[in-house]
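# Examination of the molecular architecture
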Amino acid sequence: MTRQRHTPPTGILVPLVTPFAADGRIAVDALADLAHAVLDAGATGIVALGTTAEAATLDPDERTTVIDVCARVCAERDAVLVIGAGGNDTRASDRALADLAHRPQAAAALVPVPYFNRPSQAGVLAHFTHLAQAAPLPLIVYHVPYRTGRPLDAATLRALGRLPGVVGVKLAQGGIDGETMDLLGDLPADFAVLVGDDPFLSPLLALGASGGVLASAHVATDRFVELTAAWRRGDLDRARPLGHALARLAAALFREPNPTVIKGVLHAQGRIPTPNVRLPLLPARPEAVDEARKVLADLEG
Ligand SMILES: O=C(O)C1=N[C@H](C(=O)O)C[C@H](O)C1
């Protein structure tokens, strides 16, 4: 099948947490309120079932609920919806993506590089070539080698970017290295780099990234949006200090495994009913939450 190219999403996309009520069930209203709040603050869209959503701990019915809520809000708001899908097995990923055929609101699926079973780079390319041909919607490759155990060089990322069904990469390499520079220096047409490492948002925007998928942007969303606009118009006097301030905020929010600190902060702000996470995650220590709130207050003060 020949796939047409689609416009990649840009700007700030927020991968929403899954708020839990005291009885352990998903707090559906709180999830919808979070979605509306980040869109009110200027986010381009939201990601349902990202890592931040603790997607791995949700049962199939709960995953459907999360997608339903996010899809409803995005439809109401005419916002971009990206849905996390896929895994480390090509056939299973294929089936998961096929299930999204009845989600016409979704702009793209966020699909991880296969983790744990350590395919070669050629195997990763073959995986995405297969998925991109068969999937009912465009794909964003989620490249996060410190989670997947599979680094990719710039040539492979570019080859992924040239696949007709692939519209972008969520780049979370844990830093900026030679491969990052090589990739951003020579991007395929209509292929978006979305930053997935919150502390590196500002330098990667300066290098040509078109936005970010950032759990940190649950808070100070308007500042993250402002940062992308400042780099876009070349306003260095605004972008540099704001970028540093948001990197400090991101560092504080990621002091403990994501999304534990973010949930602690959202709970303290009264935006979600509990800070609860599911095992094997443990709730953030109160000191970590307090520190993140202090950095946030300094930013907003
Ligand atoms: O869920 C996501 O999408 C994100 N997950 C990353 C992680 O948990 O490592 C962080 C990033 O902000 C977005």
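Residues numbered from 1 in each chain as written. Predicted model: local features only at pLDDT ≥ 70, side-chain atom pairs only at ≥ 80, totals over all residues.

Neighbouring the ligand are the residues Pro15, Val47, Gly50, Thr51, Thr52, Gly196, Asp198, Val213, Leu214, Ala215 and Asn258. Here the shell around the ligand is built from residues that sort into five nonpolar, five polar and one charged. (Near = placed C-beta within 6 Å. Nonpolar A, V, L, I, M, F, W, Y, C, P; charged D, E, K, R; others polar.)

In this section: the environment of Asp182. Within the secondary structure layout, Asp182 lies in helix 7 (residues 178-184). In this structure Asp182 comes out as partly exposed when scored by C-beta crowding, with 14 C-beta atoms within 10 Å. Spatially, the C-alpha atom of Asp182 lies 27 Å from that of Gln133, the residues being 49 residues apart in sequence. (Helix = DSSP H or I, 4+ residues; strand = E, 2+ residues; numbered from the N terminus. Buried ≥ 20, exposed ≤ 12 C-beta atoms within 10 Å, placed from the backbone.)

In this section: the UniProt feature "binding site: pyruvate" (unreviewed entry) in the chain. Under the UniProt annotation, "binding site: pyruvate" (unreviewed entry) lies at Thr52 and Val213. For the residues just named, distributed over 162 residues, the greatest C-alpha separation is only 10.4 Å, placing them together at one site. In this structure, Thr52 sits in the loop between strand 2 (45-48) and helix 2 (60-77). Judged by the 22 C-beta atoms lying within 10 Å of it, Thr52 is buried. Beyond its immediate stretch of four places on either side in the chain, Thr52 contacts Pro15, Leu16, Val17, Ala215, Asn258 and Pro259. (UniProt positions renumbered as here; feature names shortened; annotations may be inferred. Contact = placed C-beta atoms within 7 Å.)

This part is about the UniProt feature "active site" (unreviewed entry) in the chain. Within this numbering scheme, the UniProt entry marks Tyr142 and Lys170 as carrying the feature "active site" (unreviewed entry). Taken together, the annotated residues stretch across 29 residues yet fold into one region, lying no more than 4.8 Å apart by C-alpha. Under the C-beta neighbour-count criterion, Tyr142 is labelled buried, with 26 such atoms within 10 Å. Sequence-distant contacts of Tyr142, defined by excluding residues within four places in its chain, comprise Leu110, Val111, Pro112, Val113, Lys170 and Gly196. Here Lys170 lies in strand 6 (residues 166-171). Residue class for Lys170 comes out buried when judged on the 28 C-beta atoms lying within 10 Å of it.

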